[in-house]
Amino acid sequence: MPHGRDDGRRVTRGDLGAWLIKGNADLVDLTGRFARDPRVTSWCVRPGYRARLMGAGQPVVFWASGSRGRLPYGVWGIGRLTGEPEPGPDVRAPWTVPLDLTVLPEACRLSRDRLRADPRLAGLEVFRQPQAANPSYLTRAQFTALVDHLPGEVAAAGHHRPPPRIRAGAGGEPGTTSAPATW
């Protein structure tokens with residue numbers, strides 16, 4: 001199934017390649033912020049089942065969005081989650097997920113036009129539902145395809161490996177795996 005799963009949920013740990021978090025460069029000066037410090041140590045995510053699936057060691061991709069003509073929007077960074085999301089101060093507040101993510105130099109960023117042109121990536125959720133809340137996701141196959149577009153030195157940094165597969169046990173719940181306990 002190219003665009004999701006047949007059990008009503010869009011992502012499970014078993015088919016997760018990477019989380020995708022978005023920032024709107026029309027609303028916030030992301031270019032200036034990342035020029036001062038390309039490291040991202042946390043980001044807001046919406047509470048829900050996806051946030052509850054997030055855990056340390058999982059890959060994460062940063063997607064810059066905004067008006068189509070202003071900047072080359074698309075993948076601006078890649079990294080890993082360093083923990084589970086933390087709830088906000090009240091029930092309506094977003095959660096915050098800890099990250100170890102570095103925004104790539106401009107020459108290494110992957111434009112949405114380049115990624116949309118790759119048939120393996122044309123069905124990305126961020127293309128189909130650009131206004132959806134954080135986090136979005138890439139399947140294992142999509143994340144592998146995205147890594148094919150990364151410059152060699154970025155791919156060699158080690159953030160590009162998908163998480164280990166989780167085998168489903170009885171009732172579709174995660175079973176045993178060789179993954180670390182924090183996954």
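In what follows, the structure referred to is the one given above.
It should be emphasised that the depicted structure is a prediction, and the values quoted were computed from it without experimental measurement.

Reading the values: the criteria
- Residues numbered from 1 in each chain as written.
- Predicted model: local features only at pLDDT ≥ 70, side-chain atom pairs only at ≥ 80, totals over all residues.
- Heavy atoms only, no water.
- Buried < 20%, exposed > 50% of the residue type's maximum accessible area, 1.4 Å probe, protein only.
- Helix = DSSP H or I, 4+ residues; strand = E, 2+ residues; numbered from the N terminus.
- Polar contact = N/O pair within 3.5 Å; in protein donor to acceptor, adjacent residues only side chain to side chain.
- Contact = heavy atoms within 4.5 Å.

Draft legend 1. Up close: helix 5 (residues 140–149). By the criterion of burial, helix 5 is predominantly enclosed, with seven of the ten residues buried. Of all the positions in helix 5, only R140, Q142, F143, A145, L146, V147 and H149 are classed as buried.

Draft legend 2. Main features of the side chain of E125. Along the chain, the position of E125 falls in helix 4 (residues 125–128). E125 sits in the buried class, given a relative accessible area of 1%. Side-chain polar atoms of E125 contact the side chain of S136, separated by 2.5 Å. With near-sequence residues (within four places) excluded, E125 lies in contact with R10, R50, P130, S136 and Y137.

Draft legend 3. The arrangement of unusual backbone geometry in detail. Across the junction of N134 and P135, the peptide omega takes the value 0 degrees, indicating a cis bond. Note that P135 resides in the loop between helix 4 and strand 7 (136–139).

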